[in-house]
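Chain by chain, the residues:
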Amino acid sequence: MAAALSLGVAACGSKKSSSSSSSSSAGKTLTIYSSLPLQGDSRPQSQSVVNGEKLALEQAGGKIGNFTIKYTSLDDATAAAGKWDAGAVSNNARKAAQDSGTIAYLGEFNSGASAISIPILNQAGILQVSPSNTAFGLTKSGPGADKGEPDKYYPTGKRTYGRVVPIDDIQGAAQATYQKDKGCTKTYILNDKEVYGKGVGSTTQAALKKIGITVAGNDGIDTKAANFRTLAQKIKASGADCMFFGGITQNKAVQVWNDVHAAVPTAKLFGPDGVAESPFTTKLSADEQKVTFVTNPTLDPKLYPASGQKFFADYKAKFGADPEPYAIYGYEAMSVVLDSIKRAADKAGDRQAVIDAFFATKDKESVLGTYSIDQFGDTTLSDYGGNTVSGGKLVFDKVIKAAK
Amino acid sequence: MEAATIPSEVGAKRPSPLAFLSENILWFLFGAALAYYLASDFTTTLNDVKTGLSNGTIWALIALGYTLVYGIIELINFAHGEVFMIGSFVSVSLWQTLGVTDATSTLLIVLSIILATLAAMIACGSLNVMIERVAYRPLRNAPKLAPLITAIGMSFILQNVGLLWRPTPDASPDLIGSQKTLFTVLDVGILHSDVFAVAVTVPLLIGLLWFVGSTRYGKAMRATAQDPDAARLMGIDVDRTVALTFLLGGVLAGAAGMIYAIYNGTIQFNQGFTAGLIAFTAAVMGGIGNLKGAVIGGLMIGVVQSISDTHFGQVWTPAIVFAILILIMVFRPQGLFGEEVREG
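Along each chain, the written sequence defines residue order, and numbers are assigned to residues from 1. Throughout, the order in which chains and ligands are written sets their labels, letters from A for the former and numbers from 1 for the latter. The predicted origin of the model limits local features to residues at a pLDDT of at least 70 and limits the giving and counting of side-chain atom pairs to 80 or more, whereas totals for whole chains, interfaces and linings rest on all residues.

Student: Just give me the short version of the overall build of chain B, but keep the residues and values in it.
Tutor: The helix and strand labels rest on DSSP assignments: H or I over at least four residues marks a helix, E over at least two residues marks a strand, and numbering proceeds from the N terminus. Each helix and strand in chain B was counted, giving 14 helices and four strands. Computed over its C-alpha atoms, the radius of gyration of chain B comes to 21 Å, within 12% of the 20 Å expected for a compact globule of 344 residues. In terms of its C-alpha atoms, chain B occupies a principal-axis envelope of roughly 75 × 55 × 35 Å. Counting every position in chain B, which comprises 344 residues, the buried fraction comes to 49%. We call two residues in contact when their backbone-placed C-beta atoms lie within 7 Å. Considering only contacts in chain B between residues 6 or more positions apart, those separated by 24 or more positions represent 76%. For a compact globule the rule gives 2.2 Å times the number of residues to the power 0.38, and the radius of gyration it is set against comes from C-alpha atoms. Residues with at least 20 other C-beta atoms within 10 Å of their own are called buried, those with 12 or fewer are called exposed, and the rest are partly exposed. The C-beta atoms themselves are positioned from the backbone.

Student: Which residues make up the interface of chain A and chain B, and what values do they have?
Tutor: At the junction of the two partners, chain A supplies 29 residues and chain B supplies 31 residues. For the side of chain A that touches chain B, the elements supplying multiple residues, two or more each, are strand 8 (214-220), helix 7 (229-238) and helix 8 (253-263) of chain A. Among the elements that make up the side of chain A that touches chain B, the one with the highest residue count is helix 7 of chain A (six residues). When grouped by side-chain class, the residues that make up the side of chain A that touches chain B number 10 nonpolar, 10 polar and nine charged. Nonpolar residues are Ala, Val, Leu, Ile, Met, Phe, Trp, Tyr, Cys and Pro. Charged residues are Asp, Glu, Lys and Arg, and all others, Gly as well, are polar.

Student: Now, about the sheet that holds strand 5 (residues 127-130) of chain A: what can you tell me, with residues and values included?
Tutor: Within a sheet, adjacent strands bond to each other through the backbone by hydrogen bonds, running parallel or antiparallel. Residues and elements named next belong to chain A. Here a strand pair is declared whenever DSSP counts at least two bridges between the two strands. On the basis of which strands lie adjacent, the open sheet formed by six strands has the order 2-3-1-4-5-6 and mixed pairing. With partners counted over all chains shown, the strands left at the sheet margins are strand 2 (63-64) and strand 6 (161-163), one partner each. Strand direction decides the pairing type here: strand 5 and strand 6, joined by three bridges, are parallel. If you follow V129 over to strand 6, its bridge partner there is G162. Sheet contacts for helix 12 (residues 327-343): strand 1 (29-36), strand 2, strand 4 (102-107) and strand 5; angle to strand 5, the most-contacted strand, approximately 155°. Where helices are involved, their axes are fitted lines through C-alpha atoms of the stretch in contact, as for all axes, and angles between N-to-C directions lie from 0 to 180°.

Student: Would you mind going over the pairing of strand 4 of chain A in detail, with residue names and values included?
Tutor: Residues and elements named next belong to chain A. When you tally the buried positions in strand 4, you get six out of six residues, the bulk of the element. For strand 1 and strand 4, the ladder comprises five bridges, and the chain directions are parallel. Bridging across to strand 4, I32 finds its partner in A104. Where the polypeptide runs from strand 4 across helix 4 (residues 111-124) and back to strand 5, its parallel neighbour, the crossover connection is right-handed. Crossovers are marked right-handed if the path from the first strand over the helix to the second runs clockwise, as seen with the strands pointing away from the viewer.

Student: Lay out the packing of helix 4 (residues 42-73) of chain B against helix 11 (residues 238-264) of chain B in plain terms, naming residues and giving numbers.
Tutor: All names here are of chain B. Orientation of helix 4 relative to helix 11, taken along the N-to-C sense of each, is 165°, at an axis distance of 8 Å. Of the possible angle classes, the one that applies to helix 4 and helix 11 is roughly antiparallel. Relative to helix 11, the crossing made by helix 4 is left-handed. Where helix 4 abuts helix 11, its residues I58, L61, I62, L64, G65, L68, V69, I72 and I73 lie against V242, T245, F246, L248, G249, L252, A253, A255, A256, I259, Y260 and Y263. Split into classes, the residues belonging to the contact of helix 4 with helix 11 amount to 18 nonpolar, three polar and no charged. Should an angle fall under 35 degrees it is taken as roughly parallel, and over 145 as roughly antiparallel, whereas 65 to 115 is taken as roughly perpendicular and any remaining angle as oblique. Crossing handedness is read from the near helix: turned anticlockwise from the far helix by less than a right angle, it gives a left-handed crossing, and turned clockwise, a right-handed one.

This is the structure:
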């Protein structure tokens, strides 16, 4: 009993001293955690992001000043769910929060998952950078955000979270522009009810109205349903000539495509970046591919600066395959974190100093182009790519300058 | 003895109108709701009913597996949904291995479907028997909770097998032009897949009812379900009868898995979980242990889902299905057609 008690006291004591030491500067090794869904059909995309992150760390020599950077990849998915799982996400965030050597956390891949990890890491005062979250409400309030967003994610009142990918008011506007471009007059929106899917559904809805396209409906789907035939009939009855699915591949995107295409073969089917991956595009039939259009922040490799071109070449050389769309954002998420640690200089072991350095990122030349991080933690990049699908692959169509 | 039977017979002859109403209130409500929707939008509702019935055939086939097993050993075989998933995987793997696509000649497509059905049925049947042998039989005399936990364990194990087998959702080759319209009745398009689902399911159901109702083995199953100890005294090999029940349940799940793959066109490793939940609900709705109840329960859930999708939005569908289940449990705890489980 006494031993247990003293052990408890010792544990408390050591935790206190180590956290104060990490906030001064003494540590030699800093850990960057990554948390992505590595099971289910998110795996190819996530694995590619992990590769991008590793590549960035490797090219930086694995060290910043005196500090050795350790990289730990965590999985926020469970087999039972087949995608990110709330329990797994909070386990990962807590694991990082309890490690006194943690300096930053890259993740989550899905916005809904980040909504769970942000508050935990915010309380621990750890910099979190997502390679892929686009949900509007994670950083800003307004249309596209829910009540209480984003403040409810930051219990300390200070911002600790940022992202390197343009957010969904920009994607919504890009979607609307792209749909108008393809001749849509009436669009039916389906969403998967998640933070991301519902969010991109409503930002797109707002943008469509603005641009003069009728929104025939915005329905949440039951992502566990076997099929969506009844819903597809409803879309047919509404007379919509286009459908937009706000959601991710894992939430039955292919089934939505099958059923809607069967009910309304002429309808053009639009998807957001959540379906911009091979597990989605390779599963569509040839006829479906012809009417499918996907917006995605990743552009044609040719449109990237020289460093970006080099990324694509290096990636292929190292991993023997072309990267999935978000790999370049994984690379950049790691780069901006390493850059922030570097700029924190002497205080590189101090979590708050690294957070401050991240928010002070200005005109950073990167593989994505030159960008800054604004006061909300969002990137100033705003170009979206419009893609068609052919031969089971995304084919870059054009850069969409969203009508704001 | 005689005195005790007379009042009950009298009671049976003259059910009061009120009792009759309360006994059948759920049917009235269901009928009234259906009539209301038919009156307000005939074609849409008819289409929903059609879609619901054809979706429901798959739930019915899976529900039969739950109900057969529950009827005989009073165990909820949670792994059953996963066995169904394996059925889908086996059939799609077979088609992929043989290289059958929608462009293959009709004769080969038909042959490959028959082959896949048999393969899925055999694979799932033997898988279910193995599960019973490994995970349930050693716990036959243990407290009820023990096999329940091993059932959940088996379910997770099989899900992980599915995950290793196909980590990402896969598309099944569209061998029958699943969503092409075959013919139109009253403005409702009957799709290839609707006909296919019914054409495969009905013979299986008839076969099952005949087997359970008219063969020696079926008789042994019914006897074991009623009283395993008495059945053993009568010389019935109870272990073999239970294994046979699992075989039948697995065979039906395999067929359902094959239909699901063709019908929907996408398969994934966690499809069994929801399907299992819905099918189990169907079995409970119809009266657990009751074969006819499981089939009607499955079809009803299909129709309810489909109508709810149209009128309340798909977001609310699971809530509505389970709200109806709660209503049924409150008014008729034994299910719509009554339980048929162990006596005493």
